[in-house]
Amino acid sequence: MTNPTKVFKFGGASVKDADAIRNVANILKKYREEKILIVVSAMGKTTNALEKVVAAYTKKTDDAFALLEAVKQTHYQVAQELFGTEHAIFSLLNDTFVEIEWVIEEDQQDSYDYVYDQIVSIGEMASTRMLAAFLAHENQAAVWLDARDVIRTDDTFREGRVDWETTGTLCQKKLPSLFDKNDLVVTQGFIGGTQENFTTTLGREGSDYSAAIFAYQLNAESVSIWKDVPGILNADPRLFDNVHKLDRLSYKEAIEMTYYGAKVIHPKTIKPLESKNIPLHVKSFIDPAGAGTLITTDDNITYPPVVVVQPNQVLLHISTRDFSFVTERHLGFLFQQFDKYRIKINMMQNMANSFTVSVTERTERLAQLIPEFEKDFKLIVDRNLELITVRHYTEDIIASLSRGKIILFQEYIEETMSMVVKEIPEMIRK
Ligand code: ADP
Ligand code: ASP
Ligand code: MG
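Everything in this summary refers to the structure shown in the same document. The shown structure was predicted, so the numbers you read here are calculated from the model rather than taken from an experiment.

### Here we look at the sheet that holds strand E10 (residues 293-296)
Strand order in this open sheet of 8 strands is E3-E4-E2-E1-E7-E9-E10-E8, and the pairing throughout is mixed. Across the chains shown, the open sheet's two edge strands, defined by having one partner strand only, are strand E3 (142-145) and strand E8 (248-250). Taken over all neighbouring pairs, the strand axes of this sheet differ in orientation by 20° on average, direction set aside. One ladder, built from 3 bridges, connects E8 with E10; its direction is parallel. Looking across to E10, one finds that Leu249 is bridged to Ile295. Taken strand by strand, helix H8 (residues 207-218) contacts strand E1 (6-10), strand E2 (36-40), strand E4 (184-188) and strand E7 (222-227), and its axis lies near 155° from that of E2. Along the sheet, helix H9 (residues 251-259) makes contact with E8 and E10, crossing E8 at roughly 85°.

Right, here's the structure in full:
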């Protein structure tokens, strides 16, 4: 059986317009004759734009068609820049978008999460059609694969849980024969399919995870995730100056960083790779010759402080109404509710009379959860906070990060410090 040796993942920024797509084709030219599974995200900010279509459709604001039309036009414009006015891509794109037009023509019958997945997934369908067609146009023949035929999930729409066994069987059935005849296979990140052939998504930013699922199933030699940064940096460059690249990371460190919310890789990506010891490269599509960051088993690495900031935190301070201790029975109930409303706890602390958690703002879900808690508990809710985590912290860095802020909640676990902070309100002199 021929297995691809590599899995490449190209994120939204790397395929955001015609020049970006040309750049991807140029990167691939350097890997001629290699077998590569190319996992692609939706172009640029398409997923956000499609989320607006979903919102318009489900809230009946009448502009769903106009919003979808704008997404279509952006794609047609890129197609025109790449292929001119006559090319088979136009009917492929049209077929992709028409399915959504059929959905939004009808009144909403299905659940929001189901509708979301059917609509939002077309971003990846369109971007992969475009890239596969462009590679063919450049004589870099690539076959297009529908990821929904191989990534099998359950029907938890918007957060599809992967059925690893069936996915393995489907990958083995489909992929080797594709790679027998082609060097390049282009497929979608972020999406999967249920047993009943409905489309699911794996959660926002899930294309990295898709790359890891494919790599695991194919025993790939390595995975490369191509980004607009030189590699993994010790903090988000959008938030901090003076950041620097980490040349190497262990799987463990990468799992910790992404678990605490580093936005550079989807948190579920690392585990499948670690379990098969598949190296992960995070590389720059702007400087493809750059070394990037290599993530492997190596745990002999000395790390500088690594900072992760999660904005939009909500602190829930929960206590019993009758001043009794918070017991396991209470906690059991609280955890069940978090699970029911799919709210992930980022940080928590249990004291004798109270239980405090920090969660990321999900306005609609919290609007359902909070009344559940308020039935039996006293609840104080504090919004607009930040959760700052520092791996390999030093006292200096904590002092500098907390300057001008009130620390509401802080925790030290081994070499990790986490704190939930609030801006000190500005004092205005009368
Ligand atoms: P993709 O196009 O693959 O979806 P993303 O935009 O999701 O890429 O991720 C890349 C971005 O992640 C970078 O532009 C950077 O702003 C941000 N980022 C956040 N934390 C880090 C970090 N520790 N190292 C590098 N980039 C980071
Ligand atoms: N397009 C999806 C998103 O923007 C998945 C991804 O890019 O990883 O969330
Ligand atoms: Mg992304």
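### Considerations on the packing of aromatic side chains
Under the definition given, this model contains 19 aromatic pairs. Between Phe8 and Phe10, the aromatic rings sit 6.2 Å apart at their centres with planes inclined by 75°, giving edge-to-face as the arrangement. As far as burial versus exposure is concerned, Phe8 and Phe10 are alike and both buried. On the numbers, 6.4 Å between centres and 80° between planes, the contact of Tyr31 with Trp226 is edge-to-face. Remark: Trp226 occurs in strand E7 and Tyr31 occurs in the loop between helix H1 (18-29) and E2; sequence separation between them is 195 residues. Residues Tyr31 and Trp226 agree in their burial class; the two are buried. Taken together through their ring pairs, the aromatic side chains of Phe8, Phe10, Tyr31 and Trp226 make up a single cluster. Taking NZ or CZ as reference, Lys276 lies 4.1 Å from the ring centre of Tyr216, over its face. Lys344 extends its terminal NZ or CZ atom over the ring of Tyr259, reaching a point 5.1 Å from the ring centre.

### Section: the side chain of Ser207
Examined against the element boundaries, Ser207 turns out to sit in helix H8. A polar atom in the side chain of Ser207 sits 3.0 Å from the side chain of Ser41. Ignoring any residue separated from it by four or fewer positions in sequence, one finds Ser207 in contact with Lys9, Val39, Val40, Ser41, Glu124, Gly189 and Phe190.

### Here we look at the site of ligand 1
Taken together, 18 residues form the shell around ligand 1, and within it Lys9, Lys227, Asp228, Leu233 and Arg238 come nearest. Here an oxygen atom of ligand 1 and a backbone polar atom of Gly12 are 3.3 Å apart. Protein burial of ligand 1: of its 560 Å² of free accessible surface, 90% is covered by the chains. Split into classes, the residues belonging to the shell around ligand 1 amount to 8 nonpolar, 3 polar and 7 charged.

Cut-offs applied
- Here the residue numbers are simple positions, counted from 1 along each chain's written sequence.
- Key to labels: chains lettered from A, ligands numbered from 1, both in the order written.
- Reporting of local features is limited, given that this is a predicted model, to residues whose pLDDT is at least 70; pairs of side-chain atoms are given and counted only at 80 or more, and all residues count toward the totals for whole chains, interfaces and linings.
- Only hydrogens and water are set aside; all other atoms, that is, all heavy atoms of the structure, feed into the side-chain values.
- Strand pairing is assigned whenever DSSP identifies at least 2 bridges connecting the two strands.
- Only DSSP runs of H or I with at least four residues qualify as helices, and only runs of E with at least two residues qualify as strands; both kinds are numbered from the N terminus onward.
- All axes here are fitted lines through C-alpha atoms, helices being fitted over the stretch that makes contact, and every angle between N-to-C directions spans 0 to 180 degrees.
- In this description, contact between two residues means that some pair of their heavy atoms is separated by no more than 4.5 Å.
- Pairing of aromatic side chains here covers Phe, Tyr and the six-membered ring of Trp, requires ring centres within 6.5 Å, and sorts the geometry by plane angle: under 30 degrees stacked, over 60 edge-to-face, intermediate tilted.
- Burial classification: accessible surface area is computed with a 1.4 Å probe over protein chains only, and a residue below 20% of its type maximum counts as buried, one above 50% as exposed, and the rest as partly exposed.
- Consider the ring centre and the ring normal. A charge sits over the ring if Lys NZ or Arg CZ is within 6 Å of that centre and within 35 degrees of that normal.
- In the analysis that follows, any N or O atom pair within 3.5 Å is treated as a polar contact, provided that within protein one partner can donate a hydrogen and the other can accept it, and provided that, for residues neighboring in sequence, both atoms belong to side chains.
- Summary of the distance rule: residues count as near a molecule or strand when at least one heavy atom falls within 4 Å of that molecule or strand.
- Areas reported as accessible are Shrake-Rupley estimates using a 1.4 Å probe. Residue values count occlusion only from the protein chains shown.
- For this scheme, ten residues count as nonpolar: Ala, Val, Leu, Ile, Met, Phe, Trp, Tyr, Cys and Pro. Four count as charged, namely Asp, Glu, Lys and Arg, and the remainder, Gly too, count as polar.

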